[in-house]
Amino acid sequence: MDDLLQEAVTKHEQILKYIETLPIGTKISVRKIAKEMEVSDGTAYRAIKEAENQGLVSTRERIGTVRVEKKPRTNIDKLTFAEVVNIVDGQVLGGADGLEKTLNKFVIGAMQLEAMARYIEPGSLLIVGNRYQVHRYALEHGSAVLITGGFDTNDEVKQFADESGLPIISTSYDTFTVASLINRAITDRLIKKKITLVEDILSVQLPPRALKGSSTVSDWEKVVEETGHSRFAVVDEWNRVIGMIASKDVLGAPKEQTMDKLMTRNPLTVIPQTSVTSAAHMMVWEGIELLPVVDAKGKLLSVISRQDVLKALQVIQKQPQIGETFEDLIVAGLEEVREEGGHLSYRGVITPQMTSRLGTVSEGVLTTLMTQCAYRSLKTHKKGDFVLENFTAYFLRPLQLENQIEIRPKVIELSRKYGKVDVEIYHGGNLVCKAMLAAQAID
């Protein structure tokens, strides 16, 4: 059973490595991979899906699955023309070879050709109707074309698109809807760009030192002396994480005792696509100092420490704000006011976006307002980030559209790792909402 499992895992990895060696643009299929690698169709299918998740291959309309160049995360704020096709439910009329090129800006062709000419440049996307002359002009100047209203173009333009490697796409949506969809997608990418993932902070050095389940306390002592660290992942013969070992686990144990008898089993792990904030929350919540980073098969790739996470969070705080989340929009209208006694309060107005279908403010919005104001208050006493541990709220009176509100957070307890805040919301001098929350500091 174990031999069969080892063979299956090895075949999976061999297929991924084989796909990496294929030239960019090579067409692949389950049947072709299964035949060339001498594996079952199921094994080939799973490996191809994993390769797609890793960005090694891409499935294109009317073409199939092809080998593509893996894009670095630094370009995550830019859309490719292939992604535009999916966003607008489009059909590729020509120039399919250029679908992986990135979109720098989009231009709406709602003017005469002479007027729009100065806006068309290489890397742009011209959004226009059934104007064949404009289609050709845009392609000649390095711009892709998106035809709205479900219109087609002539065969000459399609042929030129194929020759120039620039996509020409047709969609049934109107120009306004298309522009809104693309703009929303670009904003989403800007938001994602500021989200640091575990893979962004992994060391590119040698694989991490780990111990086998059969390693002894003597082996642990040697590794401690060599590395200067005392916490290590414990792996099996296939490099899959099965436990964690630390100095407290080996304290007083015989030198010949093996790790599988002393280790902490079923440890928490993360994958490279886990956000750093989530990893920090896990470390704080569980009180751990080291997290193994594993692949989809549970194999050890690297480890991250609490120091790595804290350093990454400090970098995140220095990044400019790009792309607003719902949370940003909710608290954007609050004005910070410092009262005579030094206490902070926040004042704002209930906007239409904050209300429910009944015309009163949404309880979820109030919760977000109170939580964010509490965090701001905590940060005036202690720098860093906090994770919510407990939140209890009492909604006493409804708030309506355009009501003026004042939020008064009051820190009632603060330690190195813990903070408790009392938050009250007032309207017209009357208390309308009250909450008590507790948060842990990421420290």
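By the naming in an unreviewed UniProt entry, the protein is DRTGG domain-containing protein, taken from Paenibacillus hodogayensis.

Relative to the 18 Å expected for 13 residues at 1.5 Å per residue, helix 3 (residues 41-53) spans 18 Å between its end C-alpha atoms, a close match to the ideal helical length. Here helix 3 has its buried residues at Thr43, Ala44, Ala47, Ile48, Glu50 and Ala51. Buried residues in helix 3, looked at end-on, bunch into an arc of 160°, giving them a common side. Gly55 sits one or two positions beyond helix 3 and adopts a positive phi of about 85°.

This part takes up the pairing of strand 13 (residues 241-245). Strand 13 sits mainly inside the fold: four of its five residues count as buried. Bridge analysis of strand 12 (residues 232-235) against strand 13 gives four bridges, and the strand direction is antiparallel. The residue bridging Val234 from the neighbouring strand is Gly243, located in strand 13. If you look at the hairpin formed by strand 12 and strand 13, you'll find five residues sitting between the two strands, and Asn239 has a positive phi there, around 70°. Relative to strand 14 (residues 264-265), strand 13 runs antiparallel, the two being bridged by two bridges. Bridge assignment links Met244 to a residue of strand 14, and that residue is Thr264.

It is worth spelling out helix 9 (residues 217-227) at this point. Within helix 9 the residues assigned to the buried category are Val217, Trp220 and Val223. Each buried residue of helix 9 lies within a common arc of 120° when the element is viewed along its axis, so the set occupies one face. Turned more than 90 degrees off the buried face of helix 9, the exposed positions are Lys222, Glu225 and Glu226. Contact partners of the buried residues in helix 9: strand 11 (210-212), strand 12, strand 13, helix 10 (247-250) and helix 11 (259-262). One or two steps after helix 9, the chain reaches Gly228, where phi turns positive at roughly 85°.

According to the stated counting rule, one finds zero aromatic pairs in the structure shown. Its guanidinium or amino end placed over the ring of Phe160, Arg136 lies 4.1 Å from that ring's centre, counting from NZ or CZ. Directly above the ring of Tyr426 sits Arg408, whose terminal nitrogen or CZ lies 4.0 Å from the centroid.

Quick notes on the rules
Residues numbered from 1 in each chain as written. Predicted model: local features only at pLDDT ≥ 70, side-chain atom pairs only at ≥ 80, totals over all residues. Heavy atoms only, no water. Helix = DSSP H or I, 4+ residues; strand = E, 2+ residues; numbered from the N terminus. Expected span 1.5 Å × (residues − 1). Buried < 20%, exposed > 50% of the residue type's maximum accessible area, 1.4 Å probe, protein only. Arc of directions from axis to C-beta. Pairing = 2+ DSSP bridges. Contact = heavy atoms within 4.5 Å. Phe/Tyr/Trp six-rings, centres within 6.5 Å; stacked < 30°, edge-to-face > 60°. Lys NZ or Arg CZ within 6 Å of the ring centre and 35° of its normal.

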